[in-house]
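Structural overview
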Amino acid sequence: VYTGEGFNATLSYYVSEDNRAPLQFYELGRQLSEILKKLKPTNCWEENFNIENIEGEPVTLGTEVYTRYRIYQATYYPLNAETIQFPSVSLEMIKYKVAKNPSFFGQNRKEDFKTFYSKAKRVRVKELPDHPLKDIVAVGNYKLSEMMPSTNVETGKSVSYAFNVFGEGNISAIQKPAVTSDANFEFYEPNVRMDIKRENARVTGTKSFNYFLIPKEPGRYDLKNYFRWVFFNPEQGKYDT
């Protein structure tokens, strides 16, 4: 991945449909807390999907049918080009054994424990191509939508202008557009609003910058000469404006 490009990380438990072992989660909250302390990389921004209910879902891996239980899911955005290391982690489950000599009043199974281990993973991070703004640009697949109540305004009267960036990426890291000031307009700092959705292994959303501007001189002006926002599109491997 590129620096700033998101990648999905999921921790799941799979049960084969052909060989359902009588297993149950054991102190999952405590174990997950310990697992995440080991897993979370320090050089990444995390967008946690906040899984609250762990429910089974059927999946097919190759020719095998499994039930998958998602335990944890997040999208990570590397803050620099350092390689990201995910260590092997363990998850202890309760495994029930059928008692050889069950008592009449007792249970006919007894508890045992089985530990599963994940494989260590490595994510290589690439530097963004050279660009004067490469250390501050947003990375993602974005588009622009603009809103203005009217493009015919009077000098000395304020008018609102909304510059909205939407798409898939680290919405939280999106910075306000560069604004060019001159004697024709007076610009005020924008009100910023953000809406983030985390679903289907994707982080999408919108970040809105709502400006008030006052025209000082009469004339016809193109707002593209005043508002400019540069980002890097990892799918195309190039910068866009």
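Above this text you will find the structure in question.
My aim in this report is to walk through the structure given alongside it, one point at a time. Just so you know, these numbers come straight off a predicted model, no measurement behind them. (Residues numbered from 1 in each chain as written. Predicted model: local features only at pLDDT ≥ 70, side-chain atom pairs only at ≥ 80, totals over all residues. Heavy atoms only, no water.)

1. Observations concerning the environment of Tyr-69
Applicable threshold: Going along the chain from the N terminus, every DSSP run of H or I of four or more residues is numbered as a helix, and every run of E of two or more is numbered as a strand. Only protein chains enter the calculation, and the probe is 1.4 Å; a residue is then buried if its accessible area is under 20% of its type maximum, exposed if over 50%, and partly exposed in between. Whether two residues touch is decided by their heavy atoms; if any such pair falls within 4.5 Å, the residues are in contact.
Along the polypeptide, Tyr-69 turns up in strand 5 (residues 64–78). When its relative accessible area of 21% is taken as the criterion, Tyr-69 is described as partly exposed. Along the chain, Tyr-69 and Ser-88 lie 19 residues apart, while their C-alpha atoms are 19 Å from each other. Excluding anything up to four places from it in sequence, Tyr-69 contacts Leu-11, Ser-12, Tyr-13, Val-15, Phe-25, Ile-54, Glu-55 and Gly-56.

2. Regarding helix 1 (residues 28–39)
Applicable threshold: In this analysis, the expected span of each helix is defined as 1.5 Å times one less than the number of residues it contains. The arc in question is the one traced by the directions running from the helix axis out to the C-beta atoms.
Its 12 residues give helix 1 an end-to-end C-alpha distance of 16 Å, which sits within 8% of 16 Å, the value for a rise of 1.5 Å per residue. Of all the positions in helix 1, only Leu-28, Gln-31, Leu-32, Ile-35, Leu-36 and Leu-39 are classed as buried. Viewed end-on, helix 1 has its buried residues packed into an arc of 130°, placing them on one side of the element.

3. Overview of unusual backbone geometry
The backbone of Asn-200 sits at a positive phi, close to 55°, despite the residue not being glycine. Tracing the sequence through the fold places Asn-200 in the loop between strand 14 (191–199) and strand 15 (202–215). A positive phi angle, close to 60°, is found at Ala-201, a residue other than glycine. Structurally, Ala-201 can be placed in the loop between strand 14 and strand 15.

4. What to know about the environment of Pro-58
Within the element layout of this structure, Pro-58 appears in strand 4 (residues 56–61). Classification of Pro-58 by relative accessible area gives exposed; the value is 71%. Spatially, the C-alpha atom of Pro-58 lies 9.5 Å from that of Val-15, the residues being 43 residues apart in sequence.

5. Digging into the layout of surface pockets
The cut-off we apply is this: In the cavity and pocket records, a cavity denotes points on a 1 Å grid over the protein atoms alone where a 1.4 Å probe fits but cannot get out, a pocket denotes an open set with protein on both sides within 12 Å along at least 5 of 7 lines, and lining residues are residues with an atom within 4 Å of a point. Grid points are joined across faces, edges and corners, and a volume is the space filled by probe spheres set on the points. When residues are sorted by character, Ala, Val, Leu, Ile, Met, Phe, Trp, Tyr, Cys and Pro go into the nonpolar class, Asp, Glu, Lys and Arg into the charged class, and all the rest, Gly among them, into the polar class.
The computed volume of the largest pocket comes to approximately 640 Å³. Lining the largest pocket are 27 residues, and of these Thr-10, Leu-11, Ser-12, Ser-118 and Lys-119 sit closest to its centre. Breaking the lining of the largest pocket down by element, the ones donating at least two residues are strand 1 (7–16), helix 1, strand 5, strand 7 (90–98), strand 8 (109–117) and strand 9 (121–123). Sort the elements by how many residues they give to the lining of the largest pocket and strand 1 lands first, with eight residues. Taken together, the residues that form the lining of the largest pocket break down as 19 nonpolar, six polar and two charged.

6. Comments concerning the pairing of strand 5
Along any regular strand, the residues point their side chains to alternate faces of the sheet. Note the threshold: A pair of strands is considered paired only if DSSP assigns at least 2 bridges between the two.
Sheet topology note: the strand 1/strand 5 ladder contains 10 bridges and is antiparallel. Bridge pairing in strand 5 links Ala-9 to Ala-74. Pairing of strand 3 (residues 44–48) with strand 5 involves five bridges; the strand directions are antiparallel. For Trp-45, the partnering residue across the bridge sits in strand 5 and is Tyr-77. Hairpin connection from strand 4 to strand 5: two residues lie between these consecutive antiparallel strands, with Gly-62 at a positive phi of about 70°.

7. Overview of the nonpolar core
Rules: For the purposes of this section, nonpolar cores are sets of buried Ala, Val, Leu, Ile, Met, Phe, Trp, Tyr and Cys residues that join through side-chain atoms within 4.5 Å.
In this structure, Tyr-72, Tyr-76, Ile-84 and Phe-86 are the most contacted members of the largest nonpolar core, which totals 23 residues. Mapped onto this core, the elements with two or more residues apiece are strand 1, helix 1, strand 5, strand 6 (84–86) and strand 7. Discounting residues that sit within four places of it in the chain, Tyr-76 has contacts with Glu-5, Gly-6, Phe-7, Ala-9, Lys-40, Pro-41, Cys-44, Trp-45, Glu-46 and Phe-86. Within the second largest apolar cluster, 22 residues are counted, among which are Val-159, Val-165, Val-203 and Leu-213.

8. Here's the deal with the packing of aromatic side chains
Threshold: Between the rings of Phe, Tyr and Trp (Trp by its six-membered ring), a pair exists once the centres lie within 6.5 Å; its type follows the angle of the planes, with under 30 degrees stacked, over 60 edge-to-face, and the other angles tilted.
Evaluation of the coordinates by the stated rule reveals 22 aromatic pairs. Between the aromatic rings of Tyr-13 and Phe-116, the centroid separation amounts to 5.6 Å while the plane-to-plane angle is 65°, which identifies the pairing as edge-to-face. Of this pair, Tyr-13 sits in strand 1 while Phe-116 sits in strand 8, placing them 103 residues apart in sequence. The partly exposed category is assigned to Phe-116, whose relative accessible area is 27%. Relative to Phe-227, the ring of Tyr-161 has its centre 4.7 Å away and its plane inclined at 50°; by these criteria the two rings are tilted. One end of the pair, Tyr-161, is in strand 11 (residues 159–169); the other, Phe-227, is in strand 16 (residues 227–228), with 66 residues separating them in the sequence. With respect to class, Tyr-161 is no different from Phe-227; both count as buried.

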